[in-house]
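Examining the three-dimensional arrangement
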Amino acid sequence: MPGESFFITTPIFYVNDVPHIGHAYTEVAADVLARWHRQRGDDTWSLTGTDEHGQKILRTATANGVGPKEWADRLVESAWKPLLDTVDIANDQYIRTTDPEHERGVQAFIQQLYDDGHIYEGIYEGYYCVGCEEYKTRDELIETKDGDYAGELVCAIHSRPVEVLKEKNYFFRMSDFQQELLNLYGSQPDFIQPESLRNEIISFVSQGLEDLSISRSTFDWGVKVPWDESHVIYVWFDALLNYVTAVGYGDPERSGPAGTGEFRRRWPAVHLVGKDIARFHAVIWPAMLMAAGLPVPQRVFGHGWLLVGGEKMSKSKLTGIAPQQITDVFGSDAFRYYFLRAITFGQDGSFSWEDLAARYQAELANGFGNLASRVIAMIARYRGSAFPEASVDVEIAELAARVTADADDAIGRLAIHEAIAHVWRLVDALNLYITEQEPWVLAKDEAQSARLDQVLATAAHGLGTLAVLLSPVMPKATAKLWTALGGEGAVQDVRLQHATEWKAQTTGSVQALEALFPRIEEQEAGAA
Ligand code: MSP
């Protein structure tokens, strides 16, 4: 139902390094969902931001000879906020864990858990991976046989030695919530998606949960534990809370009395995360919320990894590709389209320049772009740019209505690749329609004038539907197409539900359209 609250989040990213296309992938997926819901008229809020505390950031800053806050400021301004422009993200909010409102919210939350008896003092003795910022068990580690770390225990993800800790920490009684979590997974089957991840999490929690160390005392880059300032709060405990502090949790002015404040209005959220961090979101996070008596998230969706050479792309393994390398050549629309269309959302996907270039040419330039240019050019040539007034061929009209409904349904299931594929049925059908109807032949015969009007109206009408439906995925190209069709106002203001009835909102004449997806010279693509 339009008008419902839709609150979508991305993970907040570590500022130890600059973004790569894996980070941009999550951003783009969340942005397409947010734009889609906004265009449906839902009460949408999209949140992203940066995770700035913890040992990893502290060490990077120190190695670079600056303080951690200065380092974070530098990376946020020079790399993380600019990423949003690079891939055209229309987020509603950007949170930093160093924001004072967030820090206050984190302290209010942990104090409540402490007062309610969910936290106790103990000794943590075990392994820790600073790369993951995660406590590890022995069976999560690999004993290396050769290379730089021969004989050492390394993290399976980072391939770097873990640290052995023995320190006094505060612990969260997470084990108390095992049954409640299993009940949640059972009663809300789409709480964790996709299914494979859900099964993995259920089996993990079924094996029993340990209490979680939630403070550190050997360094001080973090939010202070309010009742014991010699400790800082564990970076993940701090980071997960961004999802609620962003919308006013812990701020009496914004969260307000029950049922009225911003927090009540927005929460719970849909969390998009990489599958590597799904456990934090589907186990620790709901347990924290249960302890505080707050509603759990609506969904946790773990998407797959972008692989390069068969491995998870990562900066630490030097396989990172900067998003701008791609957008400089292909543009942000193509970036957004490619990653969401080519990869089944929820599964891993391999990136290759060849595949990107091939899809750009076949689907965007030849498939969609060329269709748009041809139709607009024919209306200009045969009808002096006047938008043809004629009824639309029934088959195309029906298909347009069907793909609108199918795409909306797919988005509701977070199957973004499927939504785009549905819309593309209309792109393909219109291309075939033009080929079969041969408007250039009709144009030569005065007796076929009414039929030519109908063919051009059908094609132009279909293009308008495409502009509306694809605007969440490719905001720039669809804005140009909308203007060329004589659309009034901004295309993203046309309700998706009206994607087939958009004609009421036009000036009545078309305008020239530059190529939506210009040809890319091979040397340009190769140089990237
Ligand atoms: N700071 C934590 C998240 C805290 S959320 C409360 C963190 N940050 S991170 O900078 O390491 O970013 C992790 C996220 O980046 C992943 O969950 C995923 O969304 C994205 N990706 C990082 N590498 C990726 C790929 N190679 N492929 C796809 N997504 C990837 O973890």
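Residues numbered from 1 in each chain as written. Predicted model: local features only at pLDDT ≥ 70, side-chain atom pairs only at ≥ 80, totals over all residues. Heavy atoms only, no water.

**Quick word on the side chain of Asn242**
Note on placement: Asn242 falls in helix H8 (residues 242-245). The class of Asn242 is buried, set by a relative accessible area of 0%. From its side chain, Asn242 meets the backbone oxygen of Ala239 in a polar contact 2.7 Å long. Sequence-distant contacts of Asn242, that is, excluding residues within four places in its chain, are made with Ile12, Leu47, Ile95 and His102. (Helix = DSSP H or I, 4+ residues; strand = E, 2+ residues; numbered from the N terminus. Buried < 20%, exposed > 50% of the residue type's maximum accessible area, 1.4 Å probe, protein only. Polar contact = N/O pair within 3.5 Å; in protein donor to acceptor, adjacent residues only side chain to side chain. Contact = heavy atoms within 4.5 Å.)

**Topic: unusual backbone geometry**
A cis amide bond, omega -5°, links Gln193 with the succeeding residue Pro194. Considering the arrangement of structural elements, one finds Pro194 in the loop between strand S9 (192-193) and helix H6 (195-206). Looking along the chain, the bond that leaves Trp267 and enters Pro268 is cis, with omega of 10°. Following the sequence through the fold, Pro268 ends up in the loop between helix H10 (262-266) and strand S14 (270-274). Despite not being glycine, Asp88 has its phi angle at roughly 65°, a positive value. Relative to the helices and strands, Asp88 is located in the loop between helix H3 (68-86) and strand S3 (93-96).

**Considering the site of the ligand**
The environment of the ligand is made up of 24 residues, and the closest members are Ile12, Thr26, Asp51, Gly274 and Leu306. Between the ligand and Thr26, the relevant distance is 2.7 Å, taken from an oxygen atom to a side-chain nitrogen or oxygen of the residue. The side chain of Asp51 places a nitrogen or oxygen atom 2.7 Å from a nitrogen atom of the ligand. Across the complex, the protein chains shield 94% of the 660 Å² of accessible surface that the ligand would expose by itself. Secondary structure elements with two or more residues in the shell around the ligand: strand S1 (5-14), helix H1 (21-40), helix H7 (235-240) and H8. Broken down by element, the residue count for the shell around the ligand peaks at four residues, all from S1. (Near = heavy atom within 4 Å. Areas by Shrake-Rupley, 256 points an atom, 1.4 Å probe, with all protein chains shown as cover.)

**A few points about the packing of aromatic side chains**
One pass over the full model with this rule turns up 36 aromatic pairs. Judged by centre distance (4.9 Å) and plane angle (70°), the ring pair of Tyr128 and Tyr135 falls under edge-to-face. There is no split in this pair, since Tyr128 and Tyr135 are both buried. Ring plane angle 45° and centroid distance 6.2 Å describe the contact between Phe368 and Phe517, whose orientation is recorded as tilted. Pair noted here: Phe368 is in helix H14 (residues 353-383) and Phe517 is in the loop between helix H19 (475-484) and helix H20 (522-527), with a separation of 149 residues, a long-range link. Phe517 sits in the buried class, given a relative accessible area of 7%. (Phe/Tyr/Trp six-rings, centres within 6.5 Å; stacked < 30°, edge-to-face > 60°.)

**Side note on helix H11 (residues 278-292)**
Compared with an ideal rise of 1.5 Å per residue, which puts 15 residues at 21 Å, H11 spans 21 Å between its outermost C-alpha atoms and is within 8% of the ideal. For H11, the principal kink sits at Ile284 and spans about 25°; a proline, Pro286, occurs within the next four residues. Counted residue by residue, H11 has 14 buried out of 15 residues, so it is predominantly covered. Immediately downstream of H11, the backbone of Gly293 shows phi near 75°, a positive value. (Expected span 1.5 Å × (residues − 1). Bend = angle between axes of the 7 residues up to and from the residue.)

**Side note on the packing of helix H4 (residues 100-115) against H11**
At their nearest, the axes of H4 and H11 sit 9 Å apart, and the two run at 65° to each other. When the axis of H4 is compared with that of H11, the two are roughly perpendicular. The chirality of how H4 crosses H11 is left-handed. For the pair H4 and H11, contact is made by Phe109, Gln112 and Leu113 and by Met288, Leu289, Ala291 and Ala292, respectively. Of the residues that constitute the contact of H4 with H11, the class distribution is six nonpolar, one polar and no charged. (Axes fitted to C-alpha atoms, helices over the stretch in contact; angles between N-to-C directions. Parallel < 35°, antiparallel > 145°, perpendicular 65-115°, else oblique. Left-handed = near helix turned anticlockwise from the far one by under 90°. Nonpolar A, V, L, I, M, F, W, Y, C, P; charged D, E, K, R; others polar.)

**Remarks on helix H16 (residues 416-437)**
Helix length check: H16, at 22 residues, gives a terminal C-alpha distance of 32 Å against a target of 32 Å (1.5 Å per residue), a fit within 8%. Positive backbone phi, approximately 45°, marks Glu438, located one or two places after H16.

**Some points on the sheet that holds strand S2 (residues 43-51)**
Strand order in this open sheet of six strands is S3-S2-S1-S14-S15-S9, and the pairing throughout is parallel. Strands with a single pairing partner mark the edges of an open sheet, and in this sheet they are S3 and S9. Judged from the five bridges that link them, S14 and strand S15 (residues 299-303) form a sheet pairing that is parallel. Bridge pairing links Val270 to Arg299 in S15. (Pairing = 2+ DSSP bridges.)

**Considering the packing of H1 against helix H15 (residues 394-412)**
At a minimum axis separation of 11 Å, H1 and H15 run at an interaxial angle of 125°. As the angle between them shows, H1 and H15 are arranged oblique. In the packing of H1 onto H15, the handedness of the crossing is left-handed. Contacts between H1 and H15 involve Leu33, Trp36, His37 and Arg40 from the first element and Ala407, Asp408 and Ile411 from the second. For the contact of H1 with H15, the residue count by class is four nonpolar, one polar and two charged.

Keep in mind that these numbers describe shape and distance, not what the molecule does.
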